Amino acid sequence: MLAACACHGGVLAAAQLAAAAATTPPSPTTSLQVLHWWTSASERKAADLLAARLADERIDWQDVAIPGGAGLGAGKVLKGRVLAGDAPEVTQIIGVSIAEWADMGLLLELDNVATAGNWNNFLFPTIRQLIQHRKHVVAAPLGIHRVNTLYYNRALFAQLKLTPPQTWSEFEAAAQRLRAAGVQPLAQSSQDWQVAALFENLVLAESGPEFYRELFVRRSPAAAADRRTAEALRRLRTIKGWIRQPDERPWTDVVGQFARQQAGMMIMGDWAKSELAEHNQTLDQDYGCGAAPGTGNYHLYSVDTLAMFTGDYRHMPAQEKMARLLMTPSVQADFNALKGGVPVRRDADPARMDSCARASWTTFAKGAAVQAPSLVHRMASDETSRDAIIAEVHRYFMDDRVPEAEAQRRLGALFRLFNLRSQGVPGAQDIDRGR
Ligand code: BGC
């Protein structure tokens, strides 16, 4: 191309060279390894957007994507790498896990970036708390997911003259009609974390955020023994009757089943919205989105955050640049549009959000009284307690012979153990971080 132009004269060739230099971005000079669990088709697109924006800043995103919904594998890989002295520069660590890592002094303090960028001015208070450890900012927040999201198939609902259920008894009525029409009422996996996600929705519906916190944040034995916990467990078993044979499908397969009209409803975090788009499903046309029954006034949240590991201070300028970039209004809006969540900024523009995101963002904006931190997504308790509670709920779900009272007793025993263990331990996670 240049040779062909040169034959028309040196001036033209020089001008074209200059133009090419102006339009070609300079090659990346620093690279950062980023460990995360965004591996589905839509999650990949959202991660790629961040990588592209970083490339504009001459930072090369070296991808370390670990499959496993809700970070099942990523947490283990991260621990292994840190123990081997091979921590990635940037990592997706969310919720209470941030404090666990920060407590070991391993996370880079981002106070300079946060102060210079006035983060306190525009972050929701809950987000501000979440990214702070001992008064230092140690993570950059990306977006807020709503875990209590109900999806329903609009064609099936129209055909059967159903309206989206607002309560669990309405859900039961809709489920019966769907089944009578030969459609599975609910797309749901029996994988442990997905069952526990349904259970936390049921607890929230049964009791509201205050009791929810008693159970999952303060892990009070009295809350475990409470009739509201028994009620949520009973409901979980009833719902099991509305799904097909228990199987441990990944969440992406559950989305696929719902997209193929093989189930009338689905309850899942709003990241499913972006995955539905991969199946050519359009919100408000093919499917509708609302809050899970009984949780319309509440926001069960998971907040995505990236933290930076200290160690090699040569990476610090790039790490700080990345943190600064993640907080810009344009990255917040564009990333969340692809990811399905909503910006962490109070000054975000709701006009740029779809109907589902707008409902999520405006509900979250009402503050801590309506917010409930997702246990499954590490917002409520430390990793060990979380894993043990999930395992207990899963055991109850899988084995119909386990009575509610036994599951409650075992949860209570676990809680007593956790509370004992956390007494006097630095970084004990019995503080209610949502407040
Ligand atoms: C994360 C989401 C992710 C989902 C499914 C959640 O813990 O917050 O970003 O899409 O897990 O893996």
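Keep in mind it's a predicted model, so treat the numbers as computed, not measured.

In this structure, what is going on with the state of the cysteines? I would like to understand it.
Where two cysteines share a covalent bond between their sulfur atoms, that bond is called a disulfide. Under the criterion given, the structure shown has one disulfide. Each disulfide pairs two cysteine sulfurs, and for Cys289 the partner residue is Cys356, the sulfurs being separated by 1.9 Å. One disulfide, between Cys289 and Cys356, carries an S-S torsion of 60 degrees and so falls in the right-handed class. Of this pair, Cys289 sits in strand β10 (residues 287–291) while Cys356 sits in helix α18 (residues 355–364); the two residues are 67 residues apart in sequence, bridging distant segments of the chain.

So what exactly am I meant to see when it comes to the site of the ligand here?
For the ligand, the set of nearby residues contains 13 residues, the closest of which are Glu43, Ala70, Asp304, Lys339 and His377. Within the side chain of Ser302, one N or O atom sits 3.2 Å away from an oxygen atom of the ligand. Lys339 has a polar side-chain atom sitting 2.7 Å from an oxygen atom of the ligand. Look at the ligand: alone it shows 310 Å² of surface, and the protein chains cover 100% of it. Class assignment of the residues belonging to the shell around the ligand gives a composition of six nonpolar, four polar and three charged.

For this particular structure, what's the right way to read the sheet that holds strand β8 (residues 184–187)?
Strands pair in a sheet through their backbones, by hydrogen bonds, and they do so in one of two ways: parallel or antiparallel. An order of β8-β9-β7-β10 is seen for the four strands of this open sheet, with the pairing classed as mixed. With one partner strand each, in any of the chains shown, β8 and β10 form the two edges of the open sheet. Within this sheet the neighbouring strands show an average axis-to-axis angle of 25 degrees, counted without direction. Those strands touched by helix α10 (residues 168–180) are β8 and β9 (263–267), and its axis lies near 150 degrees from that of β9.

How should I be thinking about the side chain of Gln257 in this particular structure?
With respect to the helices and strands, Gln257 occurs in helix α14 (residues 251–259). The buried category is assigned to Gln257, whose relative accessible area is 2%. The residues touching Gln257, leaving out its near neighbours within four places in the chain, are Gln184, Ala187, Gln188, Arg244, Arg249, Gln262 and Ala263.

Quick question: what am I supposed to make of the pattern of salt bridges here?
Pairing between side chains of opposite charge can happen when their charged atoms approach one another. This model, assessed by the stated rule, comprises 27 salt bridges. Here Arg81 makes a salt bridge to Asp86, at a shortest N to O gap of 3.4 Å. Asp312 is the salt-bridge partner of Arg314, the closest N and O atoms lying 2.5 Å from each other. Under the relative-accessibility criterion, Asp312 is labelled partly exposed at 27%.

How each quantity is defined
- Residues numbered from 1 in each chain as written.
- Predicted model: local features only at pLDDT ≥ 70, side-chain atom pairs only at ≥ 80, totals over all residues.
- Heavy atoms only, no water.
- Disulfide = S-S within 2.5 Å.
- Helix = DSSP H or I, 4+ residues; strand = E, 2+ residues; numbered from the N terminus.
- Near = heavy atom within 4 Å.
- Polar contact = N/O pair within 3.5 Å; in protein donor to acceptor, adjacent residues only side chain to side chain.
- Areas by Shrake-Rupley, 256 points an atom, 1.4 Å probe, with all protein chains shown as cover.
- Nonpolar A, V, L, I, M, F, W, Y, C, P; charged D, E, K, R; others polar.
- Pairing = 2+ DSSP bridges.
- Axes fitted to C-alpha atoms, helices over the stretch in contact; angles between N-to-C directions.
- Contact = heavy atoms within 4.5 Å.
- Buried < 20%, exposed > 50% of the residue type's maximum accessible area, 1.4 Å probe, protein only.
- Salt bridge = Lys/Arg side-chain N within 4 Å of Asp/Glu carboxyl O.

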